[in-house]
Amino acid sequence: MGVDKLQPLRSKWLKTKLIINNELIKPFIPDTQKYNKTNLKSMISKYGMVYVKPERGTFGMGVIKAEMESHQHFVYQIEQKRLTFDSFESFYNSLTRLVNKRSYLIQRGIHLLKHNNRRFDIRVMIQLSPTKHWEATGIIGRLGHPKKIVTNYHSGGTPMDIHKLLQSHASTKRRNELVHEMNELSLRIARHMKKSTRI
């Protein structure tokens, strides 16, 4: 009674639709569409590489990396399993059996930076303070397993200091600027989500 309870918004599709309503945030969000044959063909033709992921899911489970390596040569990978197809039809049919009528999304693929030949990404921790203000309370890199497509700890990822990960990609000054920019963007997203969902 009288205490706000934050209800997690589990649908990646709803999160995406909320976020892209903000014109300042929208440029940072990769193109995301519902999984179907038309969207898959259009997006993989346009971007060359996409991720097919569960609309509701955590820990990187069920995420599929799909690529068009030539006009009639398609590949997808899930966990460490990699399959190659000589036609879009066979590629799509195999993916659809894997999806198995569950709600999936297709997202433009982003080629991650690497450290020691392993992909990494960066996560910012945003928390709501006791005074109801969003604060950036931490930032960390996740170094992916060398043979997997996601960086999550549950898939063999390793937490690592972002300055070490970015050392070969940016100067000390630029790394500090990037930390500030990521914190500010994350706070903007949190405030927008709070306003949009009234949490």
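Computed from a prediction, not measured in an experiment: that's the story for all the values here.

What counts and what doesn't
Residues numbered from 1 in each chain as written. Predicted model: local features only at pLDDT ≥ 70, side-chain atom pairs only at ≥ 80, totals over all residues. Heavy atoms only, no water. Core = buried A, V, L, I, M, F, W, Y, C linked by side-chain atoms within 4.5 Å. Buried < 20%, exposed > 50% of the residue type's maximum accessible area, 1.4 Å probe, protein only. Helix = DSSP H or I, 4+ residues; strand = E, 2+ residues; numbered from the N terminus. Contact = heavy atoms within 4.5 Å. Polar contact = N/O pair within 3.5 Å; in protein donor to acceptor, adjacent residues only side chain to side chain. Expected span 1.5 Å × (residues − 1). Arc of directions from axis to C-beta. Pairing = 2+ DSSP bridges. Salt bridge = Lys/Arg side-chain N within 4 Å of Asp/Glu carboxyl O.

Draft legend 1. Looking closely at the nonpolar core. Tyr35, Leu40 and Phe91 are the most contacted members of the largest nonpolar core, which has 19 residues in total. Counting residues per element, the ones that place at least two in this core are helix 2 (37-47), strand 2 (49-54), strand 3 (64-70), strand 4 (73-78), helix 3 (88-99) and strand 6 (104-108). Those residues in contact with tyrosine 35, other than ones at most four positions away along the chain, are Leu40, Val52, Tyr92, Leu95, Thr96, Val99, Tyr104, Leu105 and Ile106.

Draft legend 2. View of the environment of histidine 169. Inspection of the secondary structure assignment puts histidine 169 in the loop between helix 4 (162-166) and helix 5 (172-197). A residue is classified by how much of its surface remains accessible, and histidine 169, at 37% relative accessible area, is partly exposed. Residues histidine 169 and leucine 113 lie 56 residues apart in sequence; the distance between their C-alpha atoms is 8.4 Å. Polar contacts involving the side chain of histidine 169 include one to the main-chain carbonyl oxygen of lysine 114, which spans 2.9 Å.

Draft legend 3. Representation of helix 3. The terminal C-alpha atoms of helix 3 lie 16 Å apart, and with 12 residues this matches the ideal 16 Å at 1.5 Å per residue to within 8%. Along helix 3, the positions that sit buried rather than exposed are Phe88, Phe91, Tyr92, Ser94, Leu95 and Val99. Looking straight down helix 3, one finds that the buried residues subtend no more than 165 degrees of arc, so they occupy a single side. In the core, the buried residues of helix 3 are packed alongside helix 2, strand 2, strand 3, strand 4, strand 5 (81-85) and strand 6. Count one or two residues on from helix 3 and you reach asparagine 100, which has phi positive near 55 degrees.

Draft legend 4. Region of the structure containing the pairing of strand 9 (residues 134-143). In this sheet, strand 9 lies alongside strand 8 (residues 118-128) in antiparallel orientation, the contact comprising nine bridges. What sits directly across from isoleucine 122, in strand 9, is glycine 141. Judged from the three bridges that link them, strand 9 and strand 10 (residues 158-160) form a sheet pairing that is antiparallel. Looking at strand 10, one finds that glycine 141 is bridged to methionine 160.

Draft legend 5. Region of interest: the pattern of salt bridges. For the coordinates displayed, the defined rule picks out eight salt bridges. Residues arginine 142 and aspartate 121 are paired through a salt bridge, measuring 3.1 Å at the closest nitrogen-oxygen approach. Pair noted here: arginine 142 is in strand 9 and aspartate 121 is in strand 8, with a separation of 21 residues, a long-range link. Aspartate 121 matches arginine 142 in its accessibility class, with the two residues each being buried. One salt bridge connects glutamate 181 with arginine 174, and the closest N-O pair in it is separated by 3.0 Å. Since its relative accessible area comes to 39%, glutamate 181 is described here as partly exposed. Looking at arginine 174, the relative accessible area reads 32%, which means it is partly exposed. Three or more residues are tied together by salt bridges with common partners; here these are Glu67, Glu69 and Arg82.

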